[in-house]
Amino acid sequence: MSESHVVVLGAGLGGTIAAYEIRAALKGKARITVINKGEDYWFVPSNPWVAVGWREPEALRVHLPPVMAKHGIAYTGIGARKVHPESNRIELNDDSFIDYDYLVIATGPELAYDEIAGFGPDHHTVSICETAHAVAAHAKFEELCANPRPIVVGAAQGASCFGPAYEMAMTLDTELKKRKIRDKVPMTFVTPEPHVGHLGLDGVGDTKGLLESEMRNRHIKWITNAKVTSVDDGMMHVTEVNDDGSDKKTHDLPFGWGMLMPPFRGIEAVRGVEGLSNPRGFILTDKHQRNPTYRNVFALGVCIAIPPTGPTPVPVGVPKTGFMIESMVSAIAANLKQIHEGKEPTNEATWNAICLADFGDGGVAFVAQPQIPPRNTNWSSSGKWVHLAKIGFEKYFLRKVRLGESEPFYEKLALHVLGIKKLHFDK
C-alpha cells in the first residue's frame, strides 16, 4: 500500500511541532511535506527581549530545511498563494502546485495593521509580532533612550494576543530603570479589554489583581475598553467607551515609542474559501480539529476560528497559547493515525493553557484547564521565578525544534505528574 501525502502548511510553533509529531505517528504510512514562507523558525515569545536589546535575533532562529531533512520531512520555503481544498491542491508562490491527501493548516495569522489608519511598522508604530519587526523596534527604542519621550503600549481593538503586550510594557519599565531614565518616560497601556488582566479569557485566577498591582507599582497608567481611531507621527488617537459601547472619552496620547498588538485575520491563501474559513479568514474546525466541509483538512493554532468568551464593549479575541496549540497538534497526530488505521478520529485537544508572562525582573504565570471558561483549574501566581522559567523555556523549546522533537519523554512525564493532559482521549 502506497504512502499517503500529508502536507503541513506553516512552520511556526504549531506547524513545526506538528510535522515532527505527525511524522512519528505515521512513520511508514505517510510522507510529510512542510510548506512555509521562508526557511527559518523564530521563537516569537522572546521578541520583547529583542525589542529592548536583551536578545540578538540570531539566538532565536532555527534553520529548518536540514532539521526536516534529517527526519525525512520534505520542506519548501516558497510559501502558499492559495489553498484549493476541492481539488486537494496548494498553489505556491512560484506558480507550482503540491497535491495532498491530508492537509494540516498551521499558518498563524496575517497582521491586520491596515485596519487602523497610520498603524503598524510601515507607518507610525513598532511591532513585536515578527522578530524582524522587533529588531526595528529596538532601533526605535535606542532613539527613545537618547531622547526620552512618552511610551504607549498595549493592544488594538480586535486583538487576541494580550500576553506580549503586558510583557512588553513591564520589560520596557525594567530596562528604562536600568538605564536610569524611567522618570523621564511616562507610559500608558491601551487595551480593548474590559479590565486589566482579562487577556481575552475573562481573566485566569487573579490576573486582574496581579496585573493591576504590577502596573500601579510601575507607574503605568491604563485605558481599558479602548479603540484606536488613528495614529499620527508621535500621536495616538484613542476612544474610550462605556460598558454599552457608547463613546465615553477621547484621548490624544503623545508618544516617542508606540507598540500595540494588532488584530489578526487569516492569511490570504485561505481567506474567501467557502466552507474552509469564516469571513475573517480563520479556519473552521470541529472538536477533532477537522474541517466540517473538507474532511481531509485539519487546522491548529492561531489560524483557527474560536468564538469570544463573551460579549465585550470593544471586540476582544481569544488567544491561542503555546501549550493549547501543542494539545491541538497531539490531537491531529493521533486522529491522523486513527484514520490511517481505518478508524474514525476520536481524539480531542484539552486546550489547557500554561503561560509564563515575563516582566524582565519577575512575571506572572497561570494555568487554565481548559483555557476557555468554565474551568477545572483556574490558577495564577507571580514572582521572580517566572522570569527564570521563561528563560529556561526559551532554551528548552529551541532545543526541541533543533532536534526535531515534539514531546520528549521527560516532558511527557512531568506533565503527567502535574496532571496536565493534551488529549481528552489518549489512544
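Above: the structure in question.
Definitions and cut-offs
- Residues numbered from 1 in each chain as written.
- Predicted model: local features only at pLDDT ≥ 70, side-chain atom pairs only at ≥ 80, totals over all residues.
- Heavy atoms only, no water.
- Pairing = 2+ DSSP bridges.
- Helix = DSSP H or I, 4+ residues; strand = E, 2+ residues; numbered from the N terminus.
- Axes fitted to C-alpha atoms, helices over the stretch in contact; angles between N-to-C directions.
- Contact = heavy atoms within 4.5 Å.
- Phe/Tyr/Trp six-rings, centres within 6.5 Å; stacked < 30°, edge-to-face > 60°.
- Buried < 20%, exposed > 50% of the residue type's maximum accessible area, 1.4 Å probe, protein only.
- Salt bridge = Lys/Arg side-chain N within 4 Å of Asp/Glu carboxyl O.
- Expected span 1.5 Å × (residues − 1).
- Right-handed = clockwise from strand over helix to strand, strands pointing away.

A. Representation of the sheet that holds strand E1 (residues 4-9) within the structure. Taken together, the five strands give an open sheet; going across it, the order is E5-E2-E1-E9-E19, and neighbouring strands pair in parallel fashion. The two strands at the open ends of the sheet, each matched to only one other strand, are strand E5 (73-76) and strand E19 (297-299). Along the sheet, successive strands turn relative to each other by an average axial angle of 20°, direction set aside. Bridge analysis of strand E2 (residues 30-35) against E5 gives four bridges, and the strand direction is parallel. Among the inter-strand pairings, Ile35 is bridged to a residue of E5, identified as Thr76. Against the sheet, helix H1 (residues 13-25) contacts E1, E2, E5 and strand E9 (102-105), and its axis sits at roughly 170° relative to E2.

B. A look at the environment of Ala159. Along the chain, Ala159 turns up in the loop between strand E11 (151-155) and helix H5 (163-178). C-alpha of Ala159 to C-alpha of Lys27: the two residues are 132 residues apart in sequence and 39 Å apart in space. Once residues lying within four places of it in the same chain are set aside, the contact partners of Ala159 are Met261, Pro262, Pro263, Val316 and Gly317.

C. Focus on the packing of aromatic side chains. For the structure on display, the rule yields six aromatic pairs. Summarising the aromatic geometry, the rings of Tyr113 and Phe119 are spaced 5.0 Å apart at their centres and angled 65° between planes, so their arrangement reads as edge-to-face. On the basis of relative accessible area, Phe119 is assigned to the buried category, the value being 1%. Pairing Phe393 with Phe397 gives two aromatic rings, centres 5.7 Å apart and planes at 45°, and the pair type is tilted.

D. Quick peek at the environment of Met235. One can find Met235 in strand E15 (residues 235-241). Each C-alpha atom of the pair Met235 and Ala299 lies 39 Å from the other, and the pair is 64 residues apart in sequence. Once residues within four sequence positions are removed from consideration, Met235 is found in contact with Asp252, Leu253, Pro254 and Phe255.

E. Fine view of the sheet that holds strand E13 (residues 220-223). A sheet is described by the order of its strands in space; here four strands give the open sequence E13-E12-E11-E17, paired in parallel fashion. Looking along the sheet, the strands with just one partner apiece sit at the ends: E13 and strand E17 (257-261). Across the sheet, the mean angle from the axis of one strand to that of its neighbour is 15°, orientation sign disregarded. In this structure, strand E12 (residues 187-190) lies alongside E13, joined through four bridges in parallel fashion. By the bridge assignment, Met187 is partnered in E13 with Ile220.

F. Looking closely at the pattern of salt bridges. This model, assessed by the stated rule, comprises 29 salt bridges. In this structure, Asp173 engages Arg218 in a salt bridge whose closest nitrogen and oxygen atoms are separated by 2.9 Å. Placement of the pair is Asp173 in helix H5 and Arg218 in the loop between helix H6 (207-217) and E13, with a sequence separation of 45 residues. Note on Arg218: relative accessible area 6%, which makes it buried. The residue Glu212 makes a salt bridge to Arg216 at a minimum N-O spacing of 3.4 Å. One end of the pair is Glu212 and the other is Arg216, both in helix H6 and four residues apart, which spans about a single turn. The buried category is assigned to Glu212, whose relative accessible area is 12%.

G. Up close: helix H7 (residues 322-340). Here H7 contains 19 residues, and its C-alpha end-to-end distance of 27 Å stays within 8% of the 27 Å for a straight helix at 1.5 Å per residue. Across the 19 residues of H7, 16 count as buried, placing the element largely inside the fold. Where H7 ends, the next residue or the one after it, Gly342, has phi of about 80°, a positive value.

H. Region of interest: the pairing of E11. Of all the five residues making up E11, five are buried; the element is thus mostly covered by neighbouring parts of the structure. A two-sided burial pattern is seen for E11, the buried positions comprising Ile151, Val153 and Ala155 on one face and Val152 and Gly154 on the other. Pairing geometry for E11 and E12, over four bridges, is parallel. Residue Val152 lies in a different strand from E12, and its bridge partner there is Thr188. In terms of handedness, the path from E11 via H5 over to E12 forms a crossover that is right-handed. As paired strands, E11 and E17 are joined by five bridges and run parallel to one another. Pairing of Val153 across the sheet is with Met259, part of E17.

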